[in-house]
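Examination of the molecular architecture
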Amino acid sequence: MTDTTASDQHVPDDLRILTVEYLSAIRARLSDIEAPVAREQAARLFTDQLLPAVAKTVKDIRTAAVGELRQGRTLREVSQLIGLSVPRVDQLLKGK
């Protein structure tokens with residue numbers, strides 16, 4: 001559960017590639033909107049509603065993963081596993 005598998009090793013690179021592709025598609029789509037008002041409204045929708053929703057979902061996944069690691073471990077042990085301070089691990093567990 002705590003060790004990463006060979007396929008997990010590629011996840012950070014895959015996420016970077018997907019994010020760059022996704023943001024490129026968003027930029028292209030926003031740039032295609034001719035009317036400045038519509039372009040601004042679409043950009044605002046993305047930054048004010050869509051990005052925060054994605055961030056919350058990812059944060060929830062992170063909190064759950066740290067919660068799994070906490071099972072049977074001290075905060076210090078979890079902090080050492082993931083390379084964060086004990087207070088930060090505690091914050092993550094509290095959903096902050």
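Located above this text is the structure these notes cover.
Since this is a predicted model, take the numbers as computed values, not measurements.

A look at the overall build of the chain
- The helix and strand inventory of the chain stands at four helices and zero strands.
- A compact globule built from 96 residues should have a C-alpha radius of gyration of about 12 Å, whereas the chain, at 18 Å, is more than 25% larger.
- For the chain, the spread of C-alpha atoms along the principal axes amounts to about 55 × 30 × 15 Å.
- In the chain, which comprises 96 residues, the share counted as buried stands at 11%.
- At a minimum sequence separation of 6, the contacts of the chain that also span at least 24 residues come to 33%.
- Summing over all exposed atoms, the chain offers an accessible surface of approximately 7,400 Å²; the carbon and sulfur share of this is 59%.
- Across the chain, the 14 positively charged side chains and the 13 negatively charged ones have centroids separated by 9 Å.

Some thoughts on the pattern of salt bridges
- Within this structure, the stated rule accounts for four salt bridges.
- In this structure, Lys56 engages Asp60 in a salt bridge whose closest nitrogen and oxygen atoms are separated by 2.9 Å. Within this pair, Lys56 and its partner Asp60 are both found in helix H2 (residues 36-70), separated by four residues, close to a single helical turn.
- Overall, the relative accessible area of 40% leaves Asp60 in the partly exposed class.
- Asp90 is paired through a salt bridge with Lys94; the nearest N and O atoms lie 3.0 Å apart.
- Accessibility expressed as a relative area gives 26% for Asp90, which makes it partly exposed.
- Taking relative accessible area as the criterion, Lys94 reaches 55% and is therefore assigned exposed.

Some remarks on H2
- Taking 1.5 Å per residue as the helical rise, H2 with its 35 residues ought to reach 51 Å, and the 49 Å between its terminal C-alpha atoms agrees with that figure.
- In the structure, H2 departs most strongly from a straight axis at Phe46, where the bend amounts to approximately 30°.
- Those residues of H2 not exposed but buried are Phe46, Thr63, Val66 and Leu69.
- Turning to H2, the residues buried within the fold contact helix H1 (11-31), helix H3 (75-82) and helix H4 (86-93).

Points about the side chain of Ser79
- Topologically, Ser79 is positioned in helix H3.
- Look at Ser79 and you get buried, because its relative accessible area is 6%.
- If we ignore the near neighbours within four places in the chain, the residues touching Ser79 are Leu84, Ser85, Val86 and Val89.

What about a nonpolar patch on the surface?
- Among the surface-exposed residues, Val11, Leu15 and Leu18 lie close enough to one another that they form a single nonpolar patch of about 270 Å² accessible area.
- Mapping Val11 onto the fold places it in helix H1.

Structural notes on the packing of aromatic side chains
- Throughout the structure, instances matching the rule amount to one aromatic pair.
- Ring centres 6.3 Å apart and planes at 45° place the aromatic pair Tyr22 and Phe46 in the tilted group. Taken together, the residues Tyr22 in helix H1 and Phe46 in helix H2 connect sequence positions 24 residues apart.
- For Phe46, a relative accessible area of 10% gives the class buried.

Scoring rules and cut-offs
Residues numbered from 1 in each chain as written. Predicted model: local features only at pLDDT ≥ 70, side-chain atom pairs only at ≥ 80, totals over all residues. Heavy atoms only, no water. Helix = DSSP H or I, 4+ residues; strand = E, 2+ residues; numbered from the N terminus. Rg over C-alpha atoms; globule rule 2.2 N^0.38 Å. Buried < 20%, exposed > 50% of the residue type's maximum accessible area, 1.4 Å probe, protein only. Contact = heavy atoms within 4.5 Å. Areas by Shrake-Rupley, 256 points an atom, 1.4 Å probe, with all protein chains shown as cover. Lys, Arg positive; Asp, Glu negative; His and termini not counted. Charge placed at Lys NZ, Arg CZ, Asp CG, Glu CD. Salt bridge = Lys/Arg side-chain N within 4 Å of Asp/Glu carboxyl O. Expected span 1.5 Å × (residues − 1). Bend = angle between axes of the 7 residues up to and from the residue. Patch = residues over 30% accessible without salt bridge, like charges linked within 9 Å, V, L, I, M, F, W, Y side chains within 5 Å. Phe/Tyr/Trp six-rings, centres within 6.5 Å; stacked < 30°, edge-to-face > 60°.

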